[in-house]
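Below, each chain spelled out in residue letters.
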Amino acid sequence: SRSVVKLPPRVRGILERLERAAHTSQQLALRCRIVLRSALGQPNLLQASELNIDRQRVRRWRNRWVQVQDELATAEGAGATASDLEALVVRALADRERSGAPPRFTAEQVTAILAVACEPPEDSGLPVSHWTPGELAREVIHRGIVESISPRQVDRFLAKWGSGPTNHGTG
């Protein structure tokens, strides 16, 4: 049950222009191609084969277009400007916001954790010459920098910002 793609003339022109324009990203050009081929009735499997992509990607963009085509047709019928129509087309073919958890730690918290890692552990009353991730996690919680943090997360911050496990506390 393929979704039927309808293209009003001005929208088709915008898609054709975007597909060929030098400033168009490869992703957007590909999505324009998918919509244009879909409007010609080309099956998903044939498009996937000819465009050298997977069938799910063709289906996703065909279906995404079908969801907005009535809005585009209404805008065109209401006399939307070419730039307004192009903005609608580009928005319809843009990536959606990615899901995922928001960051748990602010940049300020990470900076403070890294600053503590640069202090000698002796300054915090610890009888060791180098921080372990566990000791560092306990210390930043004790200081109120964060409410909670795992030693593993501390270790990830240290690894990401170039303070390897061999020199914790020596900076």
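Everything quoted here is computed from the prediction, not taken from an experiment.

Asks: What is the right way to read the layout of surface pockets from this model?
Replies: The probe, sized like a water molecule, is rolled over the atoms to show the empty space still left. The computed volume of the largest pocket comes to approximately 210 Å³. Considering the residues around the largest pocket, the lining is formed by Gln-27, Leu-30, Arg-31, Arg-57, Arg-60, Trp-61, Arg-64, Asp-95, Arg-96, Glu-97 and Arg-98. At the level of secondary structure, the elements contributing two or more residues to the lining of the largest pocket comprise α2 (26–39) and α4 (55–77). Looking at which element gives the most residues to the lining of the largest pocket, the answer is α4, with four residues. Taken together, the residues of the lining of the largest pocket break down into two nonpolar, one polar and eight charged.

Asks: Looking at this structure, how should I read the side chain of Asn-44?
Replies: Of note, Asn-44 is situated in helix α3 (residues 44–51). Residue class for Asn-44 comes out buried when judged on its relative accessible area of 10%.

Asks: Where do I start with the packing of aromatic side chains in this structure?
Replies: Any two aromatic rings considered together are summarised by their centre-to-centre distance and by the angle between their planes. Taken as a whole and assessed by the stated rule, the structure comprises one aromatic pair. Note on Phe-105 and Phe-157: the rings are 5.6 Å apart at their centroids and 85° apart in plane angle, and the pair reads as edge-to-face. A residue pair is termed long-range when its members are at least 10 positions apart, and Phe-105 in the loop between α5 (82–92) and α6 (107–118) and Phe-157 in helix α8 (residues 151–160) qualify at 52 residues. Of the two residues examined, Phe-105 and Phe-157, each falls in the buried class. A cation sits over an aromatic face here: Arg-64 above Trp-61, 4.3 Å from the ring centre.

Asks: Looking at this structure, I do not really get the packing of α2 against α3. What am I missing?
Replies: Packed helix pairs are specified by the crossing angle of their axes together with the interaxial distance, meaning the distance between the axes. Packing of α2 against α3 brings their axes to within 11 Å, and their N-to-C directions diverge by 145°. As α2 runs across α3, the sense of the crossing is right-handed. Seen from α2, the contacting residues are Leu-30, Arg-33, Ile-34, Arg-37 and Ser-38; seen from α3, they are Gln-47, Glu-50 and Leu-51.

Asks: Explain the side chain of Gln-69 to me, please; I cannot follow it from the model alone.
Replies: Position of Gln-69 among the secondary structure elements: in helix α4. Look past the residues within four positions of Gln-69 in its chain and what remains in contact with it is Val-4, Val-5 and Lys-6.

The rules we used
- One numbering rule holds for all chains: residues counted from 1, following each sequence as written.
- Only residues with pLDDT of at least 70 get local features here, since the model is predicted, and only at 80 or more are side-chain atom pairs given and counted; chain-wide, interface and lining totals rely on the full set of residues.
- Here the side-chain values reflect all heavy atoms present in the structure, with hydrogen atoms and water set aside.
- The way it works is a 1 Å grid over only the protein atoms, where trapped points that fit a 1.4 Å probe form a cavity and open points with protein on both sides within 12 Å along at least five of seven lines form a pocket, and then any residue with an atom within 4 Å of a point lines it.
- Grid points are joined across faces, edges and corners, and a volume is the space filled by probe spheres set on the points.
- Strands are runs of DSSP state E lasting at least 2 residues, helices are runs of H or I lasting at least 4, and numbering of each runs from the N terminus.
- Under this grouping Gly is polar, as are all residues other than the nonpolar Ala, Val, Leu, Ile, Met, Phe, Trp, Tyr, Cys and Pro and the charged Asp, Glu, Lys and Arg.
- Exposure is judged per residue with a 1.4 Å probe applied to protein chains only, and the accessible area is read against the type maximum: over 50% gives exposed, under 20% gives buried, and values in between give partly exposed.
- Two aromatic rings, drawn from Phe, Tyr or Trp (for Trp, its six-membered ring), form a pair once their centres lie within 6.5 Å of each other, and the interplanar angle then sorts them: stacked below 30 degrees, edge-to-face above 60, tilted otherwise.
- A positively charged side chain is recorded as over a ring if its NZ (Lys) or CZ (Arg) lies within 6 Å of the ring centre. The angle to the ring normal must also be within 35 degrees.
- Note on geometry: axes are lines fitted to C-alpha atoms, helical ones only across the stretch in contact, with angles between N-to-C directions running from 0 to 180 degrees.
- If you view the pair so one helix is near and one far, a crossing is left-handed when the near helix is turned anticlockwise from the far one by less than a right angle, and right-handed when it is turned clockwise.
- Any pair of residues with heavy atoms lying within 4.5 Å of one another is described as a contacting pair.

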